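Now for the letters of each chain:
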Amino acid sequence: MKYGSRHAGKATLRREMAALRDRIPDPERKLRSERACRHAAEWLRERGADCFLAYASFRSELDTRPLLEWGWRSGLAVLLPVCNTADRSLELYRVRSFDELKRGAYGVPEPDPAQAERWQDARSIGAVFVPGLAFAPDGSRLGYGGGYYDRFAGRMRASGGAARWMGLAFGVQIVPEVPVEPHDARLDGYITEDGVYRVPRRGGCSDGGREADAFQ
Ligand SMILES: Nc1nc2c(c(=O)[nH]1)N(C=O)[C@@H](CNc1ccc(C(=O)N[C@@H](CCC(=O)O)C(=O)O)cc1)CN2
Ligand SMILES: Nc1ncnc2c1ncn2[C@@H]1O[C@H](COP(=O)(O)OP(=O)(O)OP(=O)(O)O)[C@@H](O)[C@H]1O
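Residues numbered from 1 in each chain as written. Chains lettered and ligands numbered in written order. Predicted model: local features only at pLDDT ≥ 70, side-chain atom pairs only at ≥ 80, totals over all residues. Heavy atoms only, no water.

Thoughts on the site of ligand 2
Thinking step 1. As a structural note, the neighbourhood of ligand 2 is formed by 14 residues, with Arg141, Gly143, Gly147, His183 and Asp184 the closest of them.
Thinking step 2. Elements supplying a minimum of two residues to the shell around ligand 2: α1 (10–22) and α4 (148–158).
Thinking step 3. When residues of the shell around ligand 2 are assigned to their parent elements, the largest contribution, four residues, is made by α4.
Thinking step 4. Among the residues making up the shell around ligand 2, the classes are represented as three nonpolar, five polar and six charged. (Near = heavy atom within 4 Å. Helix = DSSP H or I, 4+ residues; strand = E, 2+ residues; numbered from the N terminus. Nonpolar A, V, L, I, M, F, W, Y, C, P; charged D, E, K, R; others polar.)

Some remarks on the pairing of strand β10 (residues 164–168)
Thinking step 1. Summarising burial for β10: four of the five residues are buried, a large majority.
Thinking step 2. The pairing of strand β7 (residues 127–130) with β10 spans four bridges and is classified as parallel. Counterpart to phenylalanine 129 in the pairing with β10 is methionine 166.
Thinking step 3. Here β10 runs beside strand β11 (residues 189–192); their pairing, made up of three bridges, is parallel. Across the sheet, residue leucine 168 finds its bridge partner in β11, namely isoleucine 191. (Buried < 20%, exposed > 50% of the residue type's maximum accessible area, 1.4 Å probe, protein only. Pairing = 2+ DSSP bridges.)

Things to note about α4
Thinking step 1. The complete set of buried residues in α4 reads Tyr148, Tyr149, Asp150, Phe152, Ala153 and Met156.
Thinking step 2. At the C-terminal side of α4, glycine 160 shows a positive phi close to 80 degrees.

Some points on the pattern of salt bridges
Thinking step 1. One pass over the structure, following the stated rule, counts eight salt bridges.
Thinking step 2. The shortest N-O distance in the salt bridge between lysine 10 and glutamate 181 comes to 2.7 Å. Residue lysine 10 is located in helix α1, and its partner glutamate 181 is located in the loop between β10 and β11; the two are separated by 171 residues in the primary sequence.
Thinking step 3. Lysine 10 sits in the buried class, given a relative accessible area of 16%.
Thinking step 4. What makes glutamate 181 partly exposed here is its relative accessible area of 38%.
Thinking step 5. In this structure, arginine 29 and aspartate 26 form a salt bridge, with 3.7 Å as the shortest nitrogen-oxygen distance. One end of the pair, arginine 29, and the other, aspartate 26, are both in helix α2 (residues 26–47), three residues apart, so they sit about a helical turn from each other.
Thinking step 6. On the basis of relative accessibility, which here comes to 13%, the residue arginine 29 falls in the buried class.
Thinking step 7. Aspartate 26 sits in the exposed class, given a relative accessible area of 59%.
Thinking step 8. Ionic contacts of the salt-bridge type, sharing partners, join the residues Lys10, Glu181 and Asp184 into one network. (Salt bridge = Lys/Arg side-chain N within 4 Å of Asp/Glu carboxyl O.)

Observations concerning the packing of aromatic side chains
Think of a pair of aromatic rings as described by two things: how far the centres are apart, and how the planes are tilted against each other in angle.
Thinking step 1. Taken as a whole and assessed by the stated rule, the structure comprises eight aromatic pairs.
Thinking step 2. Relative to tyrosine 197, the ring of tyrosine 190 lies with its centre 4.7 Å away and its plane at 20 degrees, an arrangement referred to as stacked. Tyrosine 197 matches tyrosine 190 in its accessibility class, with the two residues each being buried.
Thinking step 3. Ring pairing ties together the aromatic residues Trp43, Phe52 and Phe129, which thus form one cluster.
Thinking step 4. Directly above the aromatic system of tyrosine 144 lies the positively charged group of arginine 59, at a separation of 4.8 Å from the ring centroid. (Phe/Tyr/Trp six-rings, centres within 6.5 Å; stacked < 30°, edge-to-face > 60°. Lys NZ or Arg CZ within 6 Å of the ring centre and 35° of its normal.)

Shape is all these values report; function is a separate question.
This is the structure in structure tokens:
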């Protein structure tokens with residue numbers, strides 16, 4: 001089976017999705033990462049965003065380096081998070097090159113606070129690219145279980161941030177559904193090597209998006 005059984009819990013799905021992602025061969029990983037980053041860059045350009053929050057990849061995640069490099073070349077403010085493990089919050093920094101990164105919590109490459117610029121203005125952020133293990137077409141997401149992005153979504157909302165939240169992941173990480181809990185933040189869409197998918201807006205006589213077009 002390609003994804004977790006319909007009622008599999010979060011822990012089972014996490015294990016299965018990590019294994020699925022680990023199995024992508026290196027040359028394919030590079031190619032698919034470059035394609036997904038190209039779609040993300042085009043999407044940012046269309047939206048006219050001049051500041052975005054991305055993630056620096058670890059384990060077998062999609063390699064976001066081409067997107068970060070594109071952001072620097074194009075003069076955008078490129079932000080990356082630092083994990084505060086004490087309260088499981090994310091602190092944002094503007095990063096100008098890979099030299100400003102060091103190994104942080106969980107082995108994730110993080111901005112070095114001694115070099116990067118602390119970024120407090122959540123309202124200036126046009127887009128948030130969210131990492132994860134699995135994503136579903138209704139905007140639900142499964143992460144590593146720290147709740148970092150759910151908490152951060154709450155903070156962004158509270159400060160009036162209007163960023164679009166997009167998963168950035170491989171196509172094999174898209175599954176029909178993800179087990180959700182009330183605190184789980186919903187995304188506005190996701191970007192894979194296949195293109196940009198937007199979650200249909202809820203409301204009206206929509207059935208929650210099941211009949212929506214896939215890639216637009
Ligand atoms: N590149 C990247 N950066 C990111 C995330 C991410 O998913 N990817 N995060 C997304 O939130 C945050 C880091 N969150 C993480 C949370 C838990 C584990 C972790 O290793 N969990 C253990 C299980 C821990 C336990 O249950 O005790 C594991 O997976 O083995 C890793 C990262 C912030 N930065
Ligand atoms: N907004 C929040 N406030 C307080 N606790 C939260 C919040 N969001 C999540 N949590 C807690 O964090 C824990 C992990 O949540 P969850 O399994 O949804 O993480 P995740 O989305 O997979 O992780 P991550 O965002 O780090 O990738 C849960 O125990 C949950 O209760």
